[in-house]
Amino acid sequence: YLDWVPYYPSRVVVLTAAVLYFTCRTGLVQFRMFWESIRLVMEKPQNEGAVSPFHALMVSTASRVGTGNILGVSTAICLGGPGSVFWMWVIAVIGGASAFIESTLAQVYKRRDSKGDSYGGPAYYIESAMHNRTLGVLFAFFLIITYAGGFNMLASYNLQSTFAAYSWYDPAVTPWIIGAVLGALVGYCIMGGGRRILRVTGVLVPIMGLIYVAAAVIVVVMHINLIPQVFGMIFADAFDFRSILGGVSGSCLMFGVKRGLFSNEAGVGSAPNAAASADVSHPVKQGLVQMLSVFIDTLLLCTATAMMCLVSGVIPAKELQGAPWVQAALHKTLGSFGPYFIMIALLFFAFPPLFGTCFYCDNLLTSLHNKQP
């Protein structure tokens, strides 16, 4: 029950310890049951019209996948070095165990409303399993603040910041226009209730992910001769222990772990709010499905950004962290189309998390009121 642990720096230490413990305790479940988790994704719900494992996976992936998959990876590499990518991979692989545990618990302690639909999450299983409603309420309260406030503001800010490179960007007007458009689109989705959110994420998340990965593959193939050099650079920096021990807080190890934990959210207690809504024949099935969300986010999408930028030859630097390094890298490999592609990608990556987190907050508000949705 580590979902309520505060963020940084204690979250890094506690969650890293937790994922290592769960990895050992489950007997490397993320490796043993990987192919089974893929098979279960397309399993149909027990009751017709209920939320499927796939739709629950897409909602959790929508909240995990965001602007951080592009700008956060850029910042980690620019500040921590290319070795950050390796430690990001490590934390994603072992983080699958935490995703499995928290989502399985959400299924074990889920509840049903008058229509027979499932709902639940950490706030519910903290209350039920630990017999402590106060702790469950505190968890729900702080997660609402985190996602409805900080997380959504960060995603919106990152999106509008990519427009700052263009001559027509007016800092006094453009952010307001972008915010109004985002607000209208998100409002349309969430006013349709959870069902509309499920439909939108079920279409938008796979499409945007496939397009982005396809673009990354094209860029990497264009520079296929540089791949050995890029991997050599990643591993050499990742195992430069003299540099790491000389300044742990600013090392590739710390930036990679932070990026991995923040990006895949394994153990934070967000994804179980979606996992609980799935209609499956056994709780473990949805736990296995939710493991994939961690891998999709970090091993696939974050890696796509890292490889696209590293093969470009543009040297990462502190002053280029965030959008500038990604835009410069794509401009060098794809020409003038590169920055526009990143702008479009950020638009699609910023949009789903906004209403994916609204799905979570709706569930958490329900737990605060202690009533059925």
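The following paragraphs examine the structure supplied in this document. (Residues numbered from 1 in each chain as written. Predicted model: local features only at pLDDT ≥ 70, side-chain atom pairs only at ≥ 80, totals over all residues. Heavy atoms only, no water.)

### Describing the layout of surface pockets
Quick reminder of the rule: In this analysis, the protein atoms alone were mapped onto a 1 Å grid. Cavities are point sets where a 1.4 Å probe fits without being able to get out; pockets are open sets with protein on both sides within 12 Å along at least five of seven lines; lining residues have an atom within 4 Å of a point. Grid points are joined across faces, edges and corners, and a volume is the space filled by probe spheres set on the points. Only DSSP runs of H or I covering at least 4 residues are called helices, and only runs of E covering at least 2 are called strands; the numbering of each starts at the N terminus. Each residue is assigned to one of three groups, with Ala, Val, Leu, Ile, Met, Phe, Trp, Tyr, Cys and Pro labelled nonpolar, Asp, Glu, Lys and Arg labelled charged, and all others, Gly among them, labelled polar.
As a volume, the second largest pocket reaches approximately 430 Å³. Lining the second largest pocket are 26 residues, with Gly-68, Gly-72, Leu-154, Arg-259 and Phe-262 positioned closest to its centre. Elements that contribute at least two residues to the lining of the second largest pocket include exactly helix 4 (53-64), helix 5 (71-80), helix 8 (133-161) and helix 13 (252-264). Among the elements that take part in the lining of the second largest pocket, helix 8 stands out by supplying six residues, more than any other. Grouping the constituent residues of the lining of the second largest pocket by class yields eleven nonpolar, eleven polar and four charged.

### Side note on helix 7 (residues 122-130)
What counts, and what does not: Buried, partly exposed and exposed residues are distinguished by accessible area as a fraction of the type maximum, computed with a 1.4 Å probe on protein chains only: under 20%, between the cut-offs, and over 50%, respectively. By definition, residues are in contact when any of their heavy atoms lie within 4.5 Å.
Within helix 7, burial applies to Pro-122, Ala-123, Tyr-124, Tyr-125, Ile-126 and Glu-127. On the buried face of helix 7, the contacting elements are helix 6 (83-108), strand 1 (111-112), strand 2 (118-119), helix 8, helix 14 (272-275) and helix 17 (337-369). After helix 7 finishes, the residue His-131 shows a positive phi value of roughly 55°.

### So, the environment of Phe-241
Along the chain, Phe-241 falls in helix 12 (residues 241-246). Taking relative accessible area as the criterion, Phe-241 reaches 44% and is therefore assigned partly exposed. When the C-alpha atoms of Phe-241 and Ile-145 are compared, they prove to be 38 Å apart, with 96 residues separating the residues in sequence.

### Quick look at the pattern of salt bridges
Spelled out, the test is: Any Lys or Arg side-chain nitrogen located within 4 Å of an Asp or Glu carboxyl oxygen qualifies as a salt bridge.
Tallying each qualifying case throughout the model produces four salt bridges. A salt bridge links Glu-36 to Arg-39; the nearest nitrogen and oxygen atoms lie 2.7 Å apart. One end of the pair, Glu-36, and the other, Arg-39, are both in helix 3 (residues 34-41), three residues apart, so they sit about a helical turn from each other. Of the residues examined, Glu-36 reaches a relative accessible area of 28% and is grouped as partly exposed.

### Quick word on the nonpolar core
Keep this limit in mind: Among buried residues, those of type Ala, Val, Leu, Ile, Met, Phe, Trp, Tyr and Cys that are joined through side-chain atoms within 4.5 Å constitute a nonpolar core.
The biggest cluster of nonpolar side chains holds 77 residues, and the ones touching the most others in it are Ile-70, Val-85, Tyr-212, Ile-234 and Leu-330. It is helix 15 (residues 283-310) that contributes the most residues to this core, 14 residues altogether. Beyond its immediate sequence surroundings of up to four residues, Tyr-212 is in contact with Ile-70, Leu-301, Ala-304, Thr-305, Met-308, Phe-341, Ala-345 and Phe-349. By size, the runner-up hydrophobic cluster in this structure holds 22 residues, among which are Tyr-125, Tyr-147, Cys-361 and Leu-364.

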